[in-house]
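Architecture and fold: a report
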Amino acid sequence: MNVRTQIAADPAEAARACAAFIVACLEQRLDGVDRASVALSGGLGSRILFERLAAAPFPWEKVHFFWVDERVVPATDERSNYRLAAESFLIPARVPNENIHRIHGELMPEAAAHKYVDDVRDFFGLGEGELPAFDVMHLGMGANVHTASLFPGSVLLEDREGIAAAAKVDADPPQRVTLLPGVIERARQIAMFVTGASKAQAVRAVFHEPVNPARYPAQLTRTAPSVTWFLDKGAAGRLAET
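Everything in this summary refers to the structure shown in the same document. Given the structure is predicted, the values throughout are model-derived calculations rather than measurements.

Structural notes on the sheet that holds strand E7 (residues 175-179)
- Within the open sheet, the three strands sit side by side as E4-E7-E6. Their pairing is antiparallel. Unpaired on one side and paired on the other, strand E4 (69-71) and strand E6 (164-168) mark the two borders of the sheet. If you compare each strand with its neighbour and ignore which way they point, the axes differ by 20° on average.
- Relative to E7, E6 runs antiparallel, the two sharing five bridges. Counterpart to Ala 167 in the pairing with E7 is Arg 176.
- Packed on one face of the sheet, helix H4 (residues 109-124) meets E6 and E7 and runs near 155° to E6.

Concerning the pattern of salt bridges
- Applying the stated criterion to the full structure yields 10 salt bridges.
- Note that Arg 29 is salt-bridged to Asp 135, the shortest N-O span being 2.8 Å. Of this pair, Arg 29 sits in helix H1 (residues 11-30) while Asp 135 is found in the loop between H4 and strand E5 (136-139), placing the two residues 106 residues apart along the sequence.
- Between Glu 106 and Arg 102 there is a salt bridge; the shortest N-O distance is 2.9 Å.
- Using a relative accessible area of 41% as the deciding quantity, one classes Glu 106 as partly exposed.
- On the accessibility criterion, Arg 102 (18% relative accessible area) is buried.
- In the salt-bridge network here, residues are joined through shared partners; they are Arg 29, Asp 135 and Arg 188.

Notes on the side chain of Ser 226
- When you line up the elements, Ser 226 lands in strand E9 (residues 226-232).
- Discounting chain neighbours no more than four positions away, the residues touching Ser 226 are Asn 2, Arg 4, Arg 188, Gln 189 and Ile 190.

A few points about the side chain of His 64
- If you trace the backbone, His 64 turns up in strand E3 (residues 63-67).
- Looking at His 64, its side chain comes within polar contact range of the side chain of His 101, at 2.9 Å.
- Ignoring anything within four residues of it in the chain, the contact list for His 64 reads Arg 35, Ala 36, Ser 37, Val 38, Glu 98, Asn 99, His 101 and Phe 123.

With respect to the environment of Leu 26
- Considering the arrangement of structural elements, one finds Leu 26 in helix H1.
- For the pair Leu 26 and Pro 174, spaced 148 residues apart in the sequence, the C-alpha separation amounts to 33 Å.
- Look past the residues within four positions of Leu 26 in its chain and what remains in contact with it is Ala 36, Val 38, Phe 58, Trp 60, Val 63 and Val 136.

A short note on the packing of H1 against helix H2 (residues 46-55)
- Contact geometry of H1 with H2 gives a least axis separation of 8 Å together with a crossing angle of 50°. It follows from the interaxial angle that H1 and H2 lie oblique. Classified by chirality, the crossing of H2 by H1 is right-handed. Across the interface between the two elements, Pro 11, Ala 12, Ala 15, Arg 16, Cys 18, Ala 19, Ile 22 and Val 23 of H1 pack against Ile 48, Leu 49, Arg 52 and Leu 53 of H2.

Focus: the packing of aromatic side chains
- Applying the stated criterion across every chain yields a total of 14 aromatic pairs.
- Considering the side-chain rings of Phe 123 and Phe 124, the 5.0 Å spacing of their centres and the 85° angle between planes classify their relative orientation as edge-to-face.
- Classification of Phe 123 by relative accessible area gives buried; the value is 11%.
- The partly exposed category is assigned to Phe 124, whose relative accessible area is 24%.
- Geometrically, the ring pair formed by Phe 124 and Phe 134 is edge-to-face, given 5.2 Å between the ring centres and 85° between the ring planes. Residue Phe 124 is found in helix H4, and its partner Phe 134 is found in the loop between H4 and E5; the two are separated by 10 residues along the sequence.
- The buried category is assigned to Phe 134, whose relative accessible area is 0%.

Re the nonpolar core
- Membership of the largest hydrophobic core comes to 86 residues, with the highest contact counts inside it found for Trp 60, Phe 65, Phe 89, Met 137, Met 141 and Leu 179.
- Examining the composition of this core, we find that 10 residues originate from one element, H1, more than from any other.
- Those residues in contact with Met 141 that lie beyond four places of it in its chain are His 146, Met 192, Val 194, Lys 199, Ala 202, Val 203, Val 206, Ala 218 and Trp 229.

Reading guide: rules and limits
Residues numbered from 1 in each chain as written. Predicted model: local features only at pLDDT ≥ 70, side-chain atom pairs only at ≥ 80, totals over all residues. Heavy atoms only, no water. Pairing = 2+ DSSP bridges. Helix = DSSP H or I, 4+ residues; strand = E, 2+ residues; numbered from the N terminus. Axes fitted to C-alpha atoms, helices over the stretch in contact; angles between N-to-C directions. Contact = heavy atoms within 4.5 Å. Salt bridge = Lys/Arg side-chain N within 4 Å of Asp/Glu carboxyl O. Buried < 20%, exposed > 50% of the residue type's maximum accessible area, 1.4 Å probe, protein only. Polar contact = N/O pair within 3.5 Å; in protein donor to acceptor, adjacent residues only side chain to side chain. Parallel < 35°, antiparallel > 145°, perpendicular 65-115°, else oblique. Left-handed = near helix turned anticlockwise from the far one by under 90°. Phe/Tyr/Trp six-rings, centres within 6.5 Å; stacked < 30°, edge-to-face > 60°. Core = buried A, V, L, I, M, F, W, Y, C linked by side-chain atoms within 4.5 Å.

Structure (structure tokens):
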């Protein structure tokens, strides 16, 4: 496991650093292959990162985009993770439609999860029981230490064999579709983008509390191959505490 932290003065600086890191990872990956894969997260804090990525001079037509999780709402709903990414990144960056592998939140949760799993399997050429390895996974984290739509106490936190599943969470909207722990743990590079003082206790818990993903889901990243945290001073405010 390789864990690094970069602490910025403010969210805008953290977004610049995270965007540069994602682009650098993709450049390195595309040096040896024809296409790369990225899994995006949602949340309002992601907009500033997406806008930075959209402004980067990069051959985005070589990158295929998936989602870490999605709210079970239509793609036009303002709560849609797909809509946020499309408006602030994918459309401005002119990413081809065939490179966009969204979770169909307009479907019933189980149907949306099943369709998404099929899409992931087709793209990666997976056999039964195999899991994908995304080249880059962008994750955020809530103040309750959840990441993706894996909330504290969820039974899905024990699933390391599946790709994605429907989830019911204590948030608005409650119905979600999320990638599962085994997929998160296999990502080649994880970029954790977390800002704001409201997340400071959660950041401290991930780094300093005993490993217990059932209580601190974002600790799943501690078993991934390579994780880089992009924090502002607010989010990093309690990082030095033990």
